[in-house]
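# Chains, contacts and geometry: an overview
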Amino acid sequence: MFCSCQTNMRHMNVFDRSSVFAAEMMEVFDRTPTEKELVFQSKELCRDFIHSRLIREGLSWSKVESDLPEPHGALVDVSMVLLKLGDELECMRPYVYRNIAKQLNISVAVEAVVSDAFLSVATEILVMGITWGKVVAIYAVAAGLAVDCVRQGHPVVVHAIVDSLGEFVRRNLVPWLKKRGGWGDILKCVVNMDSRARAHWLSTAVFTWRQFLKAMYIYLTKQPLN
């Protein structure tokens, strides 16, 4: 049975850290980051998210992936949390974030088509407001599309997905991220997560995949019939 719940130790270690450590991590993000920094960090996190999903599927991106920058410093822990929350979201409805290109009825051979589809779905996901659950869902969509691209022999399109996510963050998420002090705010989703906080995250996740399904439906209905 497909499920990504069995996360490796790299993802799980962050949940064993104390609230004191989290407070130290938050100090790193204490200075409000600039728009350029937030977009750059978002793309780094996207590459790491995609790379993790490709490895999980037994796929390789391309020869240039080893030359791409990886999250470093405090961003490493942000990436761990983002991946772990992505695991939880995908475990709840594994079929939703697989074969996304097929669900959207698009060809992954054309960068513009993939980018437009991603941006349309991401925009619809946030139509009712922004939450961390929805942000995680957008990363899961990007990674799902990337897996489709690589599996179908178009790894170069993955770079277009990363660039599209960066542009989406610049247009739609930068003010929200700045208000929260940057990506470090996502660490609050897992540190000292009591039953109430966990219930809140799961309820948000349930709403998020429903919003994603709605987003795909809206995208499909907007496409011209051949």
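Named according to an unreviewed UniProt entry, the chain is Bcl-2 Bcl-2 homology region 1-3 domain-containing protein originating from Cirrhinus molitorella. Annotation of the chain in UniProt includes, under Subcellular location (unreviewed entry), the sentence "Membrane". UniProt lists a comment for the chain under the heading Sequence similarities (unreviewed entry), and it reads "Belongs to the Bcl-2 family."

### Quick word on the overall build of the chain
When its secondary structure is counted, the chain shows 9 helices and 0 strands. Beginning at the N terminus, the succession of helices and strands in the chain can be written as α-α-α-α-α-α-α-α-α. Intrachain contacts of the chain at a sequence separation of at least 6 include 85% that bridge at least 24 residues.

### Concerning the packing of helix 3 (residues 35-56) against helix 8 (residues 157-179)
Close contact between helix 3 and helix 8 brings their axes to 8 Å; oriented N to C, the two are set at 135°. Our classification of the angle between helix 3 and helix 8 gives oblique. The two elements helix 3 and helix 8 meet at a crossing, and its hand is right-handed. Mapping the contact onto sequence places Glu35, Leu38, Val39, Ser42, Lys43, Cys46, Arg47 and Ile50 in helix 3 and Val158, Val162, Asp163, Leu165, Gly166, Val169, Arg170, Val174, Leu177 and Lys178 in helix 8. Here the contact of helix 3 with helix 8 is built from residues that sort into 10 nonpolar, 2 polar and 6 charged.

### Thoughts on helix 7 (residues 132-151)
For helix 7, spanning 20 residues, the distance from its first C-alpha to its last is 29 Å, which sits close to the expected 28 Å at 1.5 Å a residue. Of all the 20 residues making up helix 7, 19 are buried; the element is thus mostly covered by neighbouring parts of the structure. One or two positions beyond helix 7, positive phi appears at Gly153, with a value near 85°.

### Re unusual backbone geometry
Look at Asn99: it is not a glycine, yet its phi comes out positive at around 55°. Mapped onto the secondary structure, Asn99 falls in the loop between helix 4 (74-92) and helix 5 (100-104). A residue is classified by how much of its surface remains accessible, and Asn99, at 41% relative accessible area, is partly exposed. Although it is not a glycine, Asn105 sits at a positive phi angle of roughly 60°. The exposure class of Asn105 is exposed, given its relative accessible area of 64%.

### Quick notes on the nonpolar core
With 59 residues, the main nonpolar core has Tyr139, Leu145 and Trp183 as its most contacted residues. Among the secondary structure elements, those contributing two or more residues to this core are helix 3, helix 4, helix 5, helix 6 (111-125), helix 7 and helix 8. Examining the composition of this core, we find that 15 residues originate from one element, helix 7, more than from any other. Leu145 has contacts with Ile100, Ala101, Ile106, Val114, Phe118 and Ile161, leaving out every residue within four places of it along the chain.

Definitions and cut-offs
- Residues numbered from 1 in each chain as written.
- Predicted model: local features only at pLDDT ≥ 70, side-chain atom pairs only at ≥ 80, totals over all residues.
- Heavy atoms only, no water.
- UniProt positions renumbered as here; feature names shortened; annotations may be inferred.
- Helix = DSSP H or I, 4+ residues; strand = E, 2+ residues; numbered from the N terminus.
- Contact = heavy atoms within 4.5 Å.
- Axes fitted to C-alpha atoms, helices over the stretch in contact; angles between N-to-C directions.
- Parallel < 35°, antiparallel > 145°, perpendicular 65-115°, else oblique.
- Left-handed = near helix turned anticlockwise from the far one by under 90°.
- Nonpolar A, V, L, I, M, F, W, Y, C, P; charged D, E, K, R; others polar.
- Expected span 1.5 Å × (residues − 1).
- Buried < 20%, exposed > 50% of the residue type's maximum accessible area, 1.4 Å probe, protein only.
- Core = buried A, V, L, I, M, F, W, Y, C linked by side-chain atoms within 4.5 Å.

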